[in-house]
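Structural overview for review
As a plain string of letters, each chain reads:
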Number of protein chains: 2
Amino acid sequence: MALVVIGGTAAGLSAAARARRLDPRLEITVLEKGPVISLGACGLPYFVEGKIRESKDLAVFTPERFRKERNVDVRTGARVVSISHPRREVVLESGARVGYEKLVIATGARSDSLGIAGDRQPHVFRLQTLDDAERMRAFVRERKPRSAVVVGAGYIGVEAADALRRNGLQVTVLERSAHALLRADDAFTAAVREQLERHHVELRTGVSVTAIEPASVAGVACDMVVISAGFKPGAELAADAGIEIGRTGAIHTDDRMETNVRGVYAAGDCAEVTHLVSGRPTWIPLGTTANKCGRVAGANAAGARERFPGIVGTSIVGIFGMGFATTGFSAAEARAEGFTPAVARIEALSRPRYYQGTKTIVELVADKATRRLVGGCVIGEDGAAGRINVIAAALQARMKVDEFEQLDLAYSPPFAPVWDPVLIAAQQLMKEL
Amino acid sequence: MALVVIGGTAAGLSAAARARRLDPRLEITVLEKGPVISLGACGLPYFVEGKIRESKDLAVFTPERFRKERNVDVRTGARVVSISHPRREVVLESGARVGYEKLVIATGARSDSLGIAGDRQPHVFRLQTLDDAERMRAFVRERKPRSAVVVGAGYIGVEAADALRRNGLQVTVLERSAHALLRADDAFTAAVREQLERHHVELRTGVSVTAIEPASVAGVACDMVVISAGFKPGAELAADAGIEIGRTGAIHTDDRMETNVRGVYAAGDCAEVTHLVSGRPTWIPLGTTANKCGRVAGANAAGARERFPGIVGTSIVGIFGMGFATTGFSAAEARAEGFTPAVARIEALSRPRYYQGTKTIVELVADKATRRLVGGCVIGEDGAAGRINVIAAALQARMKVDEFEQLDLAYSPPFAPVWDPVLIAAQQLMKEL
C-alpha cells in the first residue's frame, strides 16, 4: 500500500509518522514544496528576535533523519501542481507523477497579499518560511532599520512587533479589523493595545493597507515592513481535484479527517474542523490542531479508525512577557453564533501578594439559556496558559458555570491564591445568569 | 434569625460572609477560640522562612474589620465547649451561652500528638497557629539552631523543612508511613526525596516517632523539632452533641453541608466531603475545600439552596522551587478504591528548549474498565499548577482518556510546547488501555 502526504510540516509529518507507527510496511512518501521539513513556524518571530540562535532549532527533522528514523521517503522541492484522483496520482511541478492509494493533503495556509501594491520591494517581508525569517534577521542586523510597520495584528504580527521592538526598532502595527489577535472583543483588544503601548509599540486598528510606499505604509514612515495578514487555507489543489471545500474556505472532512473523496484525507491549516462549542465547522489555523488532525489522518490512512472530535479555539500569545490567552467565543462571537451571552470580567492576583502575585484578568462567557460556559480569556504574566487550559478543558467537557465554579484547583502560596482567579470570575458570572 | 458559626478561619468566615451577603438582616455571630481570625495557615511556613515579613499579612481580616465591613459579631478567645441542640445554644469555656437558630460548625483539624513523649519542651514546635509561627521564627532568629527534625512529611512538614533549610539549618524529615505528601505513590515519594536531597534535606520514611529527646529524635541529633503529624478532624464537639460522624472520622454532611441534625451545618477541616472520583466520603483537609464548603454552608444556613458536589483532591506543594502537584488517585490508591488502574508516566519539557523549557514529569492514571481518568501528578518548576488543574478539571468532568488526549490546550513557545506534557502522557496512557 502506498501513502502519499502533500506537505512536510506539522500535519503532514504527524500523519506520516503515525501511519508508519501503525503499519511498518506501508510505503510512505512526503512531498514538500520547500527546502526544509518540520519547520516550527511559531518559532520564526523568536528567530528574528535572536532568542533562537540557529535555524536548525526551528526544524526538528532533516529529510535524512526522518527518512532514516521513520523509513519515510521525504522529497523536498517537490511542489505538487495537481491531484488526479481517477488515476490515483499527484503531478509535480517537474512533471513527475507519484502514485498513491491513500492521500493526505496537508498543504497549510498561505498569506494572500493580493491587492497590496509594492509588496515585492526588498524591505518588505513575510514570516512564513525559514528563508523569510533568515532574510528578515539579516536585514535587521545588517541594514539596521530604525522603524518598522507590521501589517496585521494576528499572532505572528504581534509577535513580530515584539521581536523587532526588542531589537530597538520603532514599531507600528496596522490592523484592518477593529480587533487584535483575531478575537472580536473590544476589552481584549484594549488590553493588547495597552501592553503594546507600554512598550512603545503603536497599534492602529481599522487601517486597510492597499499599497506599500518605499518609505512608508498608510502614512506611517518606516524602514521595513512585515506583512502578516490575509491568511487563507491552501485549498486550491484540493478544490481543483473536485474535493469538497467547506463554507470556511478550507477543505471539509468528516471526523476521521477524510474528505468527500474516499481515501483522501486532509489535515492542518488547509482543513476546517468542528468547533466543539458551536458544533459548526471553523477554520482556526494553529500548530496544535495541525499536529492532532495530522495524527488522526495518518492513523486512518493506515487503516485504523480514529476520530478527531474538534477544537475549542485555544491560543496564547506573549507580548513583552504578558500572556494573552483565549479560548472559545468572546461575548460578541457567542452572540453571532446564536448564544445569549452573559459575561464576567475580573481582576485578581495570580498568587498571594507576599508571593509576588501579579495582576491577572479573567473573562468568562456563558450562555444564559443553558448556563454552559462558551468562552473565556486570561491576561497575565504568571499562569495565563494554565488558566486558559482549565477553561478550555471545561469547554470541551461542556461544563456549566455551576460546575466550573466548584472546580478543585491547586492552591499553595508560591503558585496560586486560595481562590484562583478563574474561580472568582466564575462566582461573578453566576450572578449574571 | 440568628446564625452562629463556630470557628473563625477559612470555612467559618466564608460561611459568615456568604450568609451576610444573602441576608442583610441575619444576626450572625462568629466564635473563634484563638486570638486572631482569618488566619491563612498555609502561609505559616513562609512566615517562618521570612518571605512573609509581618504577621498581619497572614490574617486578611481583623475582628474589627470583619465586624465593620460585614456586620458580623466576631468574638475571639471564645472557645465553645459544648453544643446543646435541644436548647439551640452553644456553651463557651467562660460559661456564657450563645443561642442560635442555625449553626455552622467549622472547628477545623487538630494535630494529635498523643503518644509522642517530650513534645512540650521549649525547642519543640507545631505550625498551626500564628503564635506557633511567631515562636518558631523567634527561636530560629534568636537561638540560631543549627539543625532541625521535622516529624511528618505532609504538606506543612515539607514546607517547614524547606523554610528551615533556607535559614541555614541542617534538616531531617521523619515520616511514619512509606510516603511523602499523603500520596500512596512510590515514584512520587522518590521524586520528593530526590528534590529534598538535592537541597541537603534528608527524608526518612517508615520512622515512627514515639519520643522527643532533649537533643535528638529517633537517633537524629537536632537543636529543634517541628511536629506536623497526626492531624485529625476536630469533630469532638459535634460528636458529643450527637451529630453523625462519618467513617473518615470527620463530620458527615449531605451535599448542602447540612449534618444529620437539621439546621446544623459543618464545613472545612472538621467535615468530610464526597470524593468525586470514587463517589465515597473522604477527608482531605485543605483551605480551598474549606472556603468552598463554607460558602455553601453559609448560603444554605441563610435560606438558599446550594450544593457542594465534592472534590477531586487537588494539591500542590513547592519544594525548593519545584512544584509537586497531585489530583485524584495514585495507581495504588485507585486499586484500593476498586479501580483497575493503568498508568503512564512521562518526562517532557515544559516549553521548547530554546525557551528555557525545564523537565516536567506527568503521571496519569486511568481505570481500564471505563477508560476514565482517575488521577495524576505533575512535577516541575514551570507550569505544574496549571497542568494539574487541567487534570483536575478532567476528573471533575469524568473525562475518558480518549477525550483528554484531544484537549485543545494553548501553545506558544514562551509558555508551552506544541504537545503539552499532559497530552504526551495521555497518548502514552492510551497505549496502556
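The rules behind these values
Sequence positions are assigned chain by chain, starting from 1 and proceeding in written order. Whichever chain is written first becomes A and whichever ligand is written first becomes 1, with later ones labelled in order. Predicted model: local features are reported for residues with pLDDT of at least 70 only, side-chain atom pairs are reported and counted for 80 or more only, and whole-chain, interface and lining totals are derived from all residues. Only heavy atoms go into the side-chain values, all of them from the structure, while hydrogens and water stay out. In short, DSSP must find at least two bridges between two strands for them to pair. A helix here means a DSSP run of H or I that spans at least four residues, while a strand means a run of E at least two residues long, and both kinds are numbered starting from the N terminus. In what follows, residue pairs with any heavy atoms lying within 4.5 Å of each other are defined as contacts. An axis is simply a line fitted to the C-alpha atoms; with a helix, the fit covers only the stretch in contact. Between two such axes, the angle follows the N-to-C directions and lies from 0 to 180 degrees. The definition of a nonpolar core used throughout is a set of buried Ala, Val, Leu, Ile, Met, Phe, Trp, Tyr and Cys residues joined through side-chain atoms within 4.5 Å. A simple rule labels every residue: compare its accessible area, found with a 1.4 Å probe on the protein chains alone, to the largest value its type can have, and call it buried under 20%, exposed over 50%, or partly exposed in between. Disulfides are defined as cysteine sulfur pairs within 2.5 Å. For this classification, under 35 degrees means roughly parallel, over 145 means roughly antiparallel, 65 to 115 means roughly perpendicular, and everything else is oblique. Think of it as three bins: nonpolar holds Ala, Val, Leu, Ile, Met, Phe, Trp, Tyr, Cys and Pro, charged holds Asp, Glu, Lys and Arg, and polar takes everything else, Gly as well. Take the number of residues in a helix, subtract one, and multiply by 1.5 Å to get its expected span. A least-squares fit on C-alpha atoms brings the copies together, and the residues used are those whose pLDDT is at least 70 in both copies. One confidence number per residue, pLDDT, is output by the predictor and ranges from 0 to 100. By convention a crossover is right-handed if, when the strands point away from the viewer, the path from the first strand over the helix to the second runs clockwise. Note on charges: Lys and Arg go in the positive column, Asp and Glu in the negative column, and His and the chain ends are not counted at all. Take a side-chain nitrogen of Lys or Arg and a carboxyl oxygen of Asp or Glu: if they are within 4 Å of each other, that pair is a salt bridge. Here a Phe, Tyr or Trp ring, Trp counted by its six-membered ring, pairs with any other such ring whose centre lies within 6.5 Å, and the pair is stacked when the planes are under 30 degrees apart, edge-to-face when over 60, and tilted otherwise. By definition here, charges over rings are those cases where NZ of Lys or CZ of Arg is within 6 Å of the ring centre and within 35 degrees of the ring normal.

1. Observations concerning the sheet that holds strand β10 (residues 147–151) of chain B
Residue and element names in this part refer to chain B.
- The parallel open sheet is built from five strands, whose spatial order is β9-β15-β10-β11-β12. Each edge of the open sheet carries a strand with a single partner, namely β9 (124–125) and β12 (201–205).
- Examined bridge by bridge, strand β11 (residues 170–175) and β12 share five bridges and lie parallel to one another. By the bridge assignment for β12, Thr172 is matched with Glu202.
- The sheet strands contacting helix α5 (residues 155–166) are β10, β11, β12 and β15 (224–227), and the helix crosses β11 at an angle near 170°.

2. Quick look at the sheet that holds strand β7 (residues 102–105) of chain A
Residues and elements named next belong to chain A.
- In spatial order, the strands read β3-β2-β1-β7-β17; together these five strands make up an open sheet with parallel pairing. The open sheet has two free edges, formed respectively by β3 (73–75) and β17 (264–266), since each of these has just one partner strand. Going across the sheet, the axis of each strand differs from the next one's by a mean of 15°, ignoring polarity.
- Strand direction decides the pairing type here: strand β1 (residues 2–6) and strand β2 (residues 27–31), joined by five bridges, are parallel. Residue pairing for β2: Val4 is matched across the bridge by Thr29.
- Together, β1, β2 and β7 form the strand contacts of helix α1 (residues 10–22), whose direction differs from that of β2 by roughly 170°.

3. Examining the nonpolar core
- By size, the foremost hydrophobic cluster in this structure holds 82 residues, and its most contacted members are A:Leu364, A:Phe404, B:Leu364 and B:Phe404.
- If near-sequence neighbours (up to four positions away) are discounted, A:Phe404 is found in contact with A:Leu364, A:Leu373, A:Val390, A:Ile391, A:Ala394, A:Met399, A:Val422, A:Leu423 and A:Ala426.

4. Quick look at the pairing of strand β20 (residues 315–319) of chain B
Residue and element names in this part refer to chain B.
- The buried count for β20 comes to five of five residues, which makes it a mostly enclosed element.
- Where β20 lies against strand β21 (residues 322–328), five bridges are found, and the strand directions are antiparallel. Paired with Ser315 across the two strands is Thr326, which belongs to β21.
- Between β20 and β21, which pair antiparallel and follow one another directly, the connecting turn spans two residues, one of which, Phe320, has a positive phi of 50°.

5. A closer look at the state of the cysteines
- Scanning the model with the defined rule gives zero disulfides over all chains in all.
- No disulfide involves A:Cys42; its sulfur sits 14 Å from that of A:Cys293, the nearest cysteine.

6. Some words on the packing of helix α10 (residues 384–396) of chain A against helix α10 (residues 384–396) of chain B
- Axis separation between α10(A) and α10(B) bottoms out at 8 Å; the angle between their running directions is 10°. Put simply, α10(A) runs roughly parallel to α10(B). Across from A:Gly386, A:Asn389, A:Val390 and A:Ala393 in α10(A), the residues of α10(B) making contact are B:Gly386, B:Asn389, B:Val390 and B:Ala393.
- By residue class, the composition of the contact of α10(A) with α10(B) is four nonpolar, four polar and no charged.

7. Points about helix α4 (residues 130–143) of chain A
All names here are of chain A.
- Over its 14 residues, α4 runs 19 Å from end to end, which matches the ideal 20 Å to within 8%, given 1.5 Å per residue.
- Of all the residues in α4, the buried ones are Leu130, Asp132, Ala133, Met136, Arg137, Phe139 and Val140.
- The elements touched by buried residues of α4 are α2 (44–49), β9 (124–125), α5 (155–166) and β15 (224–227).

8. Overview of the relation of the copies chain B and chain A
- Of the two same-sequence chains, chain B is brought onto chain A (RMSD 0.0 Å, axial shift 0.0 Å) by a rotation of 180°. Expressed as a symmetry operation, the mapping of one chain copy onto the other fits a two-fold axis. Judged by C-alpha distance, B:Gly386 is the residue of chain B that lies nearest the rotation axis, at 1.8 Å.
- Both copies share a contact surface, since 100% of the interface residues of chain B are interface residues in chain A too.

9. Focus on the confidence of the model for chain A
- Taken over all residues, the pLDDT of chain A has a mean of 97, while the share at 70 or more is 100%.
- Taken together, the chains of this predicted complex give a pTM of 0.97 and an interface ipTM of 0.97.

10. Some details on the pairing of strand β1 (residues 2–6) of chain B
Residues and elements named next belong to chain B.
- The buried count for β1 comes to five of five residues, which makes it a mostly enclosed element.
- A two-sided burial pattern is seen for β1, the buried positions comprising Ala2, Val4 and Ile6 on one face and Leu3 and Val5 on the other.
- Traced from β1 through helix α1 (residues 10–22) to strand β2 (residues 27–31), the parallel crossover comes out right-handed.
- With four bridges joining them, β1 and strand β7 (residues 102–105) adopt parallel strand pairing. Across the sheet, Ile6 pairs through a bridge with Ile105, a residue of β7.

11. Focus: the environment of B:Glu213
All names here are of chain B.
- Note on placement: Glu213 falls in the loop between β12 and β13 (216–217).
- For the pair formed by Glu213 and Tyr265, sequence separation is 52 residues and the distance between their alpha carbons is 42 Å.
- When neighbours within four sequence positions are excluded, Glu213 is seen to be in contact with Gln121 and His123.

12. Regarding the side chain of B:Glu49
- By the element assignment, B:Glu49 lies in helix α2 (residues 44–49).
- Of the buried charged residues, B:Glu49 lacks a salt bridge, with B:Arg166 as the closest side chain of opposite charge at 4.1 Å.

13. Notes on the packing of aromatic side chains
- All told, the structure shown has twelve aromatic pairs over all chains when counted by the stated rule.
- For the ring pair B:Phe61 and B:Phe66, a centre distance of 5.0 Å and an interplane angle of 85° mean the geometry is edge-to-face.
- On the basis of relative accessibility, which here comes to 12%, the residue B:Phe61 falls in the buried class.
- Judged by its relative accessible area of 1%, B:Phe66 is buried.
- Ring pairing ties together the aromatic residues A:Tyr46, B:Tyr354 and B:Tyr355, which thus form one cluster.
- Over the ring of B:Tyr355 we find A:Lys51, and its NZ or CZ is 4.4 Å from the ring centre.
- Positioned above the aromatic ring of B:Phe47, the side-chain terminus of B:Arg137 is 3.7 Å from the ring centre.

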